[in-house]
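# Analysis of the macromolecular model
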Amino acid sequence: MEILLTVNAVVAVLFLACYAYQMFYMAVPFVKKEKPHKAVVPHRFAVLICARNEEAVIADLLQSIRHQTYDQSLITTFVMADNCTDRTAEIAREEGAVVYTRFNKELVGKGYALEKLINHIEEDYPKTFDGFFVFDADNILDCHFIEAMNQSFCDGYEVLTSFRNSKNYGDNWISAGYALWFIRESRYLNNARMLMNTSCAVSGTGFFFSREVMESTGGWKFHLLTEDIEFSVHHILKGRKIGFCADAILYDEQPVTFRQSWRQRLRWARGFLQVFRKYGFGLVKGVGRGSFSCYDMSMTVMPAFVLTVGLIVTYLVMATVTAVDGIPFWPCLTYIARTVFGMYLTLYIIGLFTTVTEWDNIHTTTAKKILYTFTFPLFMLTYIPISVNALFTKVQWKPIEHHRADRKVLEAAASRSMK
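So, a few notes on the structure that sits alongside this text. Quick caveat: nothing in here was measured; it's all calculated off a predicted structure. (Residues numbered from 1 in each chain as written. Predicted model: local features only at pLDDT ≥ 70, side-chain atom pairs only at ≥ 80, totals over all residues. Heavy atoms only, no water.)

### Digging into the environment of Asn 389
- Relative to the helices and strands, Asn 389 is located in helix α15 (residues 383-392).
- Judged by relative accessible area, which is 25%, Asn 389 ranks as partly exposed.
- For the pair Asn 389 and Ala 269, spaced 120 residues apart in sequence, the C-alpha to C-alpha distance is 8.9 Å.
- Residues in contact with Asn 389, not counting those within four places in the same chain, are Trp 262 and Leu 266.
- Among the polar contacts made by the side chain of Asn 389, one reaches the side chain of Thr 393 at a distance of 2.3 Å. (Helix = DSSP H or I, 4+ residues; strand = E, 2+ residues; numbered from the N terminus. Buried < 20%, exposed > 50% of the residue type's maximum accessible area, 1.4 Å probe, protein only. Contact = heavy atoms within 4.5 Å. Polar contact = N/O pair within 3.5 Å; in protein donor to acceptor, adjacent residues only side chain to side chain.)

See below:
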């Protein structure tokens, strides 16, 4: 029994040592102020959208781009219809986008489609654009999105990520779990990092990179299962600081079935392991040189659930041993239950804090806002079996089905006043 107590204490100390700074981050937006902006200079931008069978949602995204407050003559939208069997390409052309098509069943995934799209643009529009935005077809942009990102670009950031909100928060506990985590990530990770003058991290969609960044890598060369994290780690290791633009808000559609959610997060968990295997040594060297950004990214790609899984496996092994030796099994189950409850309580506090402070940014009913603070920890705890499965499962990229946007979200995105 003393061994269990020792293991429990060691893991608790490791958790505290690894992730205490993220609790500190939650206070940063309330005590730190943004730096003054520099003078605004207009730039010409390419919008990049890779879409696979997205006929249900792509028109909404393209319309939200046309409704931007930024000068439309400086925006050109490109769509890569990737292995599509529906009307995605036709609808995109009707909405005014420049459309390319790609059919490749061997090199599957957003990274390959993005690489091909950039290659087309550089051939057909050489040296035309100062920077590139990357969106998913299910996104909706706040009307000030590009205007706000251009301001941050003018402030000197060559790579930028945005505030990731949700257009279907209130569908069920799964969509709310995703959405609350992304809001927390935007406000209390990336925003805090920005205010503390350390590097942020790109999260999936709604990000920007300059021509200089694109040319430094010879196009898009990131093809792991989590190409966004790979992209972030690569540039952090190169000494580039990724910025965050709090006024650039996009609305993202989240999965609503557990099967889709499991499949998507399994890909993410496997992708984190791929990134750490490829860049882990570089991150460790960066930490040794005193780079806090490298430490921060190490904690991102090797999530807390790895420690938790290790702890629970240890408990189960000890329980088996005690059972064989005729020692009561219940103490092991008690320690496991205490560990899980402690995690639930911690995640509940994080979810509640985020919900209360971001109340006006969460687009659902009051009852659902309250309810989903209780289900948020359950959603996050499902990462434990997902993380275990990712260690042993071969994962391939598969598309997620998307549907029409909530009209209230569209109206909010089109009418919000910029700070």
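Alright, that's what it looks like, and here's the rest.
### Quick look at the side chain of Thr 205
- Within the fold, Thr 205 resides in the loop between α7 (173-195) and β7 (207-210).
- A distance of 3.0 Å separates the side chain of Thr 205 from the backbone nitrogen of Asp 136, its partner in a polar contact.
- A distance of 2.6 Å separates polar atoms of two side chains, one belonging to Thr 205 and the other to Asn 139.
- The residues contacting Thr 205, other than those within four sequence positions of it, are Lys 110, Val 134, Phe 135, Asp 136, Asn 139, Ser 162, Arg 164, Leu 250 and Asp 252.

### Examining the packing of helix α14 (residues 366-381) against α15
- As a packed pair, α14 and α15 sit with axes 5 Å apart at the nearest point and diverge in direction by 15°. The orientation of α14 relative to α15 falls into the category roughly parallel. Contact residues: Phe 379, Met 380 and Leu 381 in α14; Tyr 383, Ile 384 and Pro 385 in α15.
- Of the residues contributing to the contact of α14 with α15, the split by class is 6 nonpolar, no polar and no charged. (Axes fitted to C-alpha atoms, helices over the stretch in contact; angles between N-to-C directions. Parallel < 35°, antiparallel > 145°, perpendicular 65-115°, else oblique. Nonpolar A, V, L, I, M, F, W, Y, C, P; charged D, E, K, R; others polar.)

### Looking at α7
- Under the 1.5 Å per step criterion, the end-to-end length of α7 is 31 Å for 23 residues, consistent within 8% with the ideal 33 Å.
- At Glu 185, α7 shows its maximal bend, which comes to roughly 30°.
- Taken across its 23 residues, α7 has 21 buried, putting it largely inside the fold.
- For α7, the N-terminal capping position is held by Asn 172, with its side-chain oxygen 3.0 Å away from the main-chain nitrogen of Ile 174.
- With its phi angle positive at about 65°, Asn 197 sits one or two positions after the end of α7. (Expected span 1.5 Å × (residues − 1). Bend = angle between axes of the 7 residues up to and from the residue.)

### Notes on the pairing of β7
- With burial as the criterion, each face of β7 is covered, one bearing Phe 207 and Phe 209 and the other bearing Phe 208 and Ser 210.
- Where strand β4 (residues 131-136) and β7 come together, 4 bridges link them in antiparallel fashion. Paired with Val 134 across the strands is Phe 207, a residue of β7.
- One ladder, built from 2 bridges, connects strand β6 (residues 159-166) with β7; its direction is antiparallel. The partner of Val 159 across the bridge, within β7, is Phe 209. (Pairing = 2+ DSSP bridges.)

### So, a positive patch on the surface
- On the surface, a cluster of positive charge is contributed by Lys 32, Lys 35, Lys 38 and Lys 241.
- Checked against the element boundaries, Lys 38 lands in the loop between α2 (28-31) and β1 (45-51). (Patch = residues over 30% accessible without salt bridge, like charges linked within 9 Å, V, L, I, M, F, W, Y side chains within 5 Å. Areas by Shrake-Rupley, 256 points an atom, 1.4 Å probe, with all protein chains shown as cover. Salt bridge = Lys/Arg side-chain N within 4 Å of Asp/Glu carboxyl O. Lys, Arg positive; Asp, Glu negative; His and termini not counted. Charge placed at Lys NZ, Arg CZ, Asp CG, Glu CD.)

### Some thoughts on unusual backbone geometry
- Despite not being glycine, Asn 53 shows a phi value in the positive range, around 55°.
- Inspection of the secondary structure assignment puts Asn 53 in the loop between β1 and α3 (58-66).
- Even without being a glycine, Asn 197 presents a positive backbone phi close to 65°.
- Relative to the assigned elements, Asn 197 resides in the loop between α7 and β7.
- Classification of Asn 197 as partly exposed rests on a relative accessible area of 38%.

### Some words on the packing of aromatic side chains
- Under the criterion given, the structure shown has 39 aromatic pairs.
- Taken together, a centroid distance of 5.4 Å and an interplanar angle of 85° make the contact between Tyr 21 and Tyr 25 edge-to-face. With Tyr 21 and Tyr 25 both in helix α1 (residues 2-25) and 4 residues apart, this pair spans about one turn of that helix. Neither Tyr 21 nor Tyr 25 differs from the other in exposure class; each is buried.
- Measuring from centroid to centroid gives 6.3 Å for Phe 30 and Tyr 188, while their planes differ by 25°, and the two rings are stacked. (Phe/Tyr/Trp six-rings, centres within 6.5 Å; stacked < 30°, edge-to-face > 60°.)

By themselves, these figures tell us nothing about what the structure is for.
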